[in-house]
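Results of the structural survey
Listed below are the residues making up each chain.
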Amino acid sequence: MQLMIASDIHGDAACCQALLDAFQREKPDRLLLLGDLLYHGPRNPLPQDYDPQQVIRLLNEQKNHLLCVRGNCDCEVDQMVLDFPILAEYCLLYHKNRVLYVTHGHHACRQDPPPLGPRDILLHGHTHIPAWEDFGQGNLYLNPGSVSIPKESSPRGYLLLTDQEALWKDLAGQVYHRLAL
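Here the structure is a predicted model, which means the values were calculated and not measured.

Section: the pairing of strand β8 (residues 139–143)
Along β8, five of the five residues are buried, which leaves the element largely enclosed by surrounding structure. In β8, alternate side chains face the same way, and those of Asn139, Tyr141 and Asn143 on one face and Leu140 and Leu142 on the other are all buried. Of the strand pairs in this sheet, strand β6 (residues 121–124) and β8 are connected by three bridges, and their pairing is parallel. Directly across from leucine 123, in β8, lies its bridge partner leucine 142. Strand direction decides the pairing type here: strand β7 (residues 131–135) and β8, joined by five bridges, are antiparallel. By the bridge assignment, alanine 131 is partnered in β8 with asparagine 143. The hairpin formed by β7 and β8 contains three residues between the paired strands, and glycine 136 there has a positive phi angle of roughly 60°.

Structure (structure tokens):
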């Protein structure tokens, strides 16, 4: 299974459209969203193309292709307008012989990890900074960065997870980091 993984759209319609264009180009099995879909939150600047209602329309059109966990800026009111589930705090997925613990990252994170088995992968957004770090008992922490409000001079982008590798790409599809799995 090939997954496209993205986080922190924060209501930016142009960036959401660029992400969905990349989704069409990449043709993964699913688009996994790590939360913070519609609102920018009090600590972030207002995104340039802030239009949560357009983001709702764009994402609802892709509802059959989306998996999602809840971000710290997502709430029950958001679920009322979105046609796919967004309120799960985490999910477990399997990638080859490893468990992916998927969450937004505002509760469980690399510094305060959930219960992980050896070689499990912790996958979260929240920081707006792409990451690929070993920790724990052969564990791996992966972060796709942010679609709309990247930090620490990182590009707006996503993560493509294949059977063989993880690829960090900007929204235009250019690879800026790869990691063999």
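Some words on helix α1 (residues 13–26)
When the terminal C-alpha atoms of α1 are compared, their 20 Å separation across 14 residues agrees well with the 20 Å that a helix rising 1.5 Å per residue should span. Buried residues of α1: Ala13, Cys15, Cys16, Leu19, Leu20, Ala22, Phe23 and Glu26, and no others. For α1, the N-terminal cap is aspartate 12; the gap from its side-chain oxygen to the backbone nitrogen of alanine 14 is 3.2 Å. One or two positions beyond α1, positive phi appears at lysine 27, with a value near 55°.

Section: the pairing of strand β10 (residues 165–170)
Consecutive residues of a regular strand have side chains that alternate between opposite faces of the sheet. Sheet topology places strand β9 (residues 157–161) next to β10; five bridges connect them, and they run antiparallel. Bridged to tyrosine 158 within β10 is lysine 169. Pairing geometry for β10 and strand β11 (residues 175–180), over five bridges, is antiparallel. Across the sheet, the residue bridging to glutamate 165 is alanine 180, located in β11. Hairpin connection from β10 to β11: four residues lie between these consecutive antiparallel strands, with glycine 173 at a positive phi of about 95°.

Looking at the environment of glycine 136
Position of glycine 136 among the secondary structure elements: in the loop between β7 and β8. Residue classification places glycine 136 among the exposed positions, given a relative accessible area of 67%. Sequence spacing of glycine 136 and proline 113 is 23 residues, and the spatial spacing of their C-alpha atoms is 9.3 Å.

Notes on the nonpolar core
One finds Ile9, Leu19, Leu31, Leu33, Leu37 and Leu59 to be the most contacted residues of the largest nonpolar core, which totals 28 residues. For this core, the elements supplying multiple residues, two or more each, are β1 (3–6), α1, β2 (30–33), α2 (52–60), β3 (66–68) and β9. Examining the composition of this core, we find that seven residues originate from one element, α1, more than from any other. If near-sequence neighbours (up to four positions away) are discounted, isoleucine 9 is found in contact with Cys16, Leu19, Leu33, Gly35, Asp36, Leu37, Val55, Leu59, Val147 and Ser148. Judged by nonpolar contacts, the second largest core, of 15 residues, contains Val102, Leu123, Leu140 and Leu159.

Thoughts on the pattern of salt bridges
If you walk through the whole model with that rule in mind, you get three salt bridges. The salt bridge partner of lysine 169 is glutamate 26, with a shortest N-O separation of 2.8 Å. One end of the pair, lysine 169, is in strand β10; the other, glutamate 26, is in helix α1, with 143 residues separating them in the sequence. Of the two residues, lysine 169 and glutamate 26, neither departs from the other in class, the shared state being buried. When the shortest N-O distance is used, the salt bridge between glutamate 165 and arginine 178 registers 3.2 Å. Residue glutamate 165 is located in strand β10, and its partner arginine 178 is located in strand β11; the two are separated by 13 residues in the primary sequence.

Examining the sheet that holds β6
Ordered by their spatial adjacency, five strands build an open sheet running β4-β5-β6-β8-β7, and the pairing between neighbours is mixed. Two strands in the sheet have a free side with no partner beyond their single neighbour: β4 (90–95) and β7. Each adjacent strand pair in this sheet contributes to an overall mean axis angle of 20°, direction not counted.

Quick notes on the rules
- Residues numbered from 1 in each chain as written.
- Predicted model: local features only at pLDDT ≥ 70, side-chain atom pairs only at ≥ 80, totals over all residues.
- Heavy atoms only, no water.
- Buried < 20%, exposed > 50% of the residue type's maximum accessible area, 1.4 Å probe, protein only.
- Helix = DSSP H or I, 4+ residues; strand = E, 2+ residues; numbered from the N terminus.
- Pairing = 2+ DSSP bridges.
- Expected span 1.5 Å × (residues − 1).
- Polar contact = N/O pair within 3.5 Å; in protein donor to acceptor, adjacent residues only side chain to side chain.
- Core = buried A, V, L, I, M, F, W, Y, C linked by side-chain atoms within 4.5 Å.
- Contact = heavy atoms within 4.5 Å.
- Salt bridge = Lys/Arg side-chain N within 4 Å of Asp/Glu carboxyl O.
- Axes fitted to C-alpha atoms, helices over the stretch in contact; angles between N-to-C directions.

Any functional reading would require information beyond the geometric quantities listed.
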